[in-house]
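What follows is each chain in one-letter form.
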Amino acid sequence: QTYGTKDWQQRRNYPLVGFGFMYTNYGIDSIYGKCFSIYPNLQLPILNYKNFEWTFKAGFGLGYVTRQYERSPSFDTINTAIGSGFNNFSLFATDIRYRVNKHLDVQIGGSFSHTSNAAFRTPNLGINTYGAHIGIRYFPTTSQPEKIKKELTPLKNRWTGNLRVGLAAREAPSPDGPMYPIYIISAFAGKRYWSKNKAFIGLDYSYHTNMYAFLRNNEILVGEERANSWKSAVIIGNEFMMGRVCLVMQLGFYVKNYAIPEDFFYQKLGGNVYLWQKEEGILKEASAFIMMKTHKFDAELVEVGIGVGF
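Worth saying up front: this structure is predicted, and the values here are computed from it rather than measured.

Enquirer: Could you clarify how one ought to interpret the sheet that holds strand E6 (residues 127-138) in this entry?
Expert: In sheet architecture, strand pairing relies on hydrogen bonds along the backbone and comes in two forms, parallel and antiparallel. With antiparallel pairing, six strands are arranged side by side in an open sheet as E1-E2-E3-E4-E5-E6. Pairing within the sheet leaves two strands with one partner each, and these edge strands are strand E1 (16-25) and E6. Here the strands of the sheet are splayed against their neighbours by 25° on average, with no regard to which way each runs. Note: strand E5 (residues 104-116) against E6, twelve bridges, orientation antiparallel. When the sheet's bridge partners are listed, Gly109 is paired in E6 with His133.

Enquirer: What's the story with the nonpolar core in this structure? I'm lost.
Expert: A general trend in soluble globular proteins is that nonpolar side chains are found buried together. By size, the foremost hydrophobic cluster in this structure holds nine residues: Phe188, Phe200, Ala233, Ile235, Val248, Tyr254, Tyr266, Phe289 and Met291. Within the residue set of this core, elements represented by two or more residues are strand E10 (230-242), strand E11 (245-256) and strand E13 (285-295). Among residues more than four places away in sequence, those in contact with Phe289 are Arg164, Val165, Gly166, Gly271, Asn272, Glu303, Val304, Gly305, Ile306 and Gly307. One finds Tyr26, Cys35, Ile82 and Ile127 within the second-largest nonpolar core, a separate group that totals five residues.

Enquirer: Hey, could you run me through the environment of Ala299 in this one?
Expert: Position of Ala299 relative to the elements: it lies in strand E14 (residues 298-309). Linking Ala299 and Lys6, residues 293 residues apart in sequence, is a C-alpha distance of 35 Å. Ala299 has contacts with His114, Ser116, Ala118, Asn124, Met292, Lys293 and Thr294, leaving out every residue within four places of it along the chain.

Reading the values: rules and limits
Residues numbered from 1 in each chain as written. Predicted model: local features only at pLDDT ≥ 70, side-chain atom pairs only at ≥ 80, totals over all residues. Heavy atoms only, no water. Pairing = 2+ DSSP bridges. Helix = DSSP H or I, 4+ residues; strand = E, 2+ residues; numbered from the N terminus. Axes fitted to C-alpha atoms, helices over the stretch in contact; angles between N-to-C directions. Core = buried A, V, L, I, M, F, W, Y, C linked by side-chain atoms within 4.5 Å. Buried < 20%, exposed > 50% of the residue type's maximum accessible area, 1.4 Å probe, protein only. Contact = heavy atoms within 4.5 Å.

Structure, rendered in structure tokens:
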């Protein structure tokens, strides 16, 4: 439980920071296997009314799937769900709770979890799970510890110019095929607001060597392979700032697609860790980030990289 020792904790209404473990039995062991997941998570209060509380929780971590596609030695070519043991595991949940007393809460809620390797290995159909749950929470001391409340100085609603450089990789469509790098660069303008968020708008560019290899190998668009292996998009998004750590949500609309078009829009979800934050000076921000890019619920890639803001 955060107590307000950092300004962002009070601005976010004292969220709960956690580390979770989940065991999932998908019910069809021959196809999906089971998943053992560990995930850091953050629970944000949405609404408090008397003894009732409504919260939202997001967690991102690592999941190990016990049943993955194999060509050898078992030649399990029927199982085409996921081509790797270790995968990204993402969880989103919401709960409505009733506080019985200072030690005990009862709750009901819903959740969505996603397990995939973002095409780092193939096949990668991904596993999406929706669910409802009931539960209890027990606090040995108290669920309502005393919190620090102080007058906070609002942060300036400043503008920044930002640049992100990222790298991803995708395996060839055939399992156990070669791995191809994908180069990504984003430029955008960001504006901070409410002292805890930053909205941004800009452009996204990516060059896909896997598409270049596909066009070359299949003699498609001969002589124009490079020109048909990149994408560009207009992007909008928001950073939810929690000190040096930020949750990033981004939506992109393609201006140009590569040779095999996908949806006209995509989503990116991930996080920034700010290594440098200054209110004054030329360099105001420097960060490392990781984001997953999806088309609706189909993951395309996982991007890692660095970013700067001026």
